Amino acid sequence: LFPYTTLFRSCIGFMEGVFLREAAWFETAEEEVSEMLLPIMVGSGLFDDQPEFSDIASDANLMDDMIVQIPEALTALYLLCNAPDEKPALLKPRHH
């Protein structure tokens, strides 16, 4: 049984959401989104039959390294999809 059952199920659910609107996820920044999704894809186990993923899944240390990246990946995905192109005035550096 997968050692991170709750995380495993969450990753599967997240990836199912991505599959439902795949075009929307990848339309603006395909390479960045793919890179950010990698830890979630690994955590889901849905891709373990693909050689590059099975190599990761068979290495416990590499698997753990991917799993700990999930919170950061989710934050990065959120910011990529939701942060305004132009930063609000409060976030801009001040010039004295």
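These remarks concern the structure in this document.

Conventions we followed
Residues numbered from 1 in each chain as written. Predicted model: local features only at pLDDT ≥ 70, side-chain atom pairs only at ≥ 80, totals over all residues. Heavy atoms only, no water. Helix = DSSP H or I, 4+ residues; strand = E, 2+ residues; numbered from the N terminus. Buried < 20%, exposed > 50% of the residue type's maximum accessible area, 1.4 Å probe, protein only. Polar contact = N/O pair within 3.5 Å; in protein donor to acceptor, adjacent residues only side chain to side chain. Contact = heavy atoms within 4.5 Å. Patch = residues over 30% accessible without salt bridge, like charges linked within 9 Å, V, L, I, M, F, W, Y side chains within 5 Å. Areas by Shrake-Rupley, 256 points an atom, 1.4 Å probe, with all protein chains shown as cover. Salt bridge = Lys/Arg side-chain N within 4 Å of Asp/Glu carboxyl O. Lys, Arg positive; Asp, Glu negative; His and termini not counted. Charge placed at Lys NZ, Arg CZ, Asp CG, Glu CD.

**Notes on the side chain of serine 44**
Turning to step 1, where the next piece is worked out: Within the secondary structure, serine 44 is located in helix H3 (residues 30-44).
Turning to step 2, where the next piece is worked out: Owing to a relative accessible area of 1%, serine 44 belongs among the buried residues under this scheme.
Turning to step 3, where the next piece is worked out: Separated by 2.7 Å, the side chain of serine 44 and the backbone oxygen of methionine 41 make a polar contact.
Turning to step 4, where the next piece is worked out: Reaching out from serine 44, the side chain makes a polar contact with the backbone nitrogen of leucine 46 at a distance of 3.1 Å.
Turning to step 5, where the next piece is worked out: With residues up to four places along the chain from it excluded, the contact list for serine 44 reads Phe8, Cys11, Ile12 and Met15.

**Things to note about a negative patch on the surface**
Turning to step 1, where the next piece is worked out: Negative charge collects at one region of the surface, where Glu52, Asp55, Asp59, Asp64 and Asp65 lie side by side.
Turning to step 2, where the next piece is worked out: Listing elements by their share of the negative patch, those giving two or more residues are helix H4 (51-57) and helix H5 (60-68).
Turning to step 3, where the next piece is worked out: Residue glutamate 52 is classed as partly exposed on the basis of its relative accessible area of 48%.

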